[in-house]
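# Tertiary structure, described
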Amino acid sequence: MLFPGKTEDKPTEFGTAWDKALAKSDIRDFRFHDLRHTAASLLLDSGASTGQLAEVLGHKTLQMVKRYTHLSEAQSTRIVGL
């Protein structure tokens, strides 16, 4: 479990803290899940292969990897098959 709680059957609730942090930072229209897209793009930019990305993200298809990565033009030409 990514965010374990005090007991095994109840994960930590961080929604309120997340909302407060976004408000304090004046960040709008941003979800925790958006960090997954950012992580995928940064991993790819640092040289990770699409296979490595699929493994880290838990994706079974390259189509799903493509959905989560936001390639720059330079990255697109560097990576064969995307």
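See the structure shown above.
Report follows, based on the coordinates. Since we're looking at a predicted model, the values are computed, not measured.

Another aspect to go through is the pattern of salt bridges. The full count for this structure, using the stated rule, is two salt bridges. A salt bridge links Arg-28 to Asp-26; the shortest N-O distance between them is 3.1 Å. Take Arg-28 and Asp-26: they sit in the same class, and that class is exposed. Note that Asp-34 is salt-bridged to Arg-31, the shortest N-O span being 2.9 Å. Take Asp-34: its relative accessible area is 15%, and that puts it in the buried class. By relative accessible area, Arg-31 is classed as exposed at 52%.

Attention shifts here to helix α2 (residues 34–45). Between its first and last C-alpha, α2 extends 17 Å over 12 residues, near the 16 Å set by a 1.5 Å rise per residue. Listed as buried for α2 are Asp-34, His-37, Ala-40, Ser-41 and Leu-44. The buried residues of α2 occupy an angular sector of 125° when the element is viewed end-on, so they sit on one face. The positive-phi residue at the C-terminal boundary of α2 is Gly-47, with phi of around 110°.

Moving on: unusual backbone geometry. Despite not being glycine, Asp-26 shows a phi value in the positive range, around 55°. Here Asp-26 lies in the loop between α1 (15–24) and α2. Even without a glycine there, the phi angle at Asp-29 is positive, about 55°. Summarising the element assignment, Asp-29 is placed in the loop between α1 and α2. With a relative accessible area of 80%, Asp-29 lands in the exposed category.

Cut-offs used in this document
- Residues numbered from 1 in each chain as written.
- Predicted model: local features only at pLDDT ≥ 70, side-chain atom pairs only at ≥ 80, totals over all residues.
- Heavy atoms only, no water.
- Salt bridge = Lys/Arg side-chain N within 4 Å of Asp/Glu carboxyl O.
- Buried < 20%, exposed > 50% of the residue type's maximum accessible area, 1.4 Å probe, protein only.
- Helix = DSSP H or I, 4+ residues; strand = E, 2+ residues; numbered from the N terminus.
- Expected span 1.5 Å × (residues − 1).
- Arc of directions from axis to C-beta.

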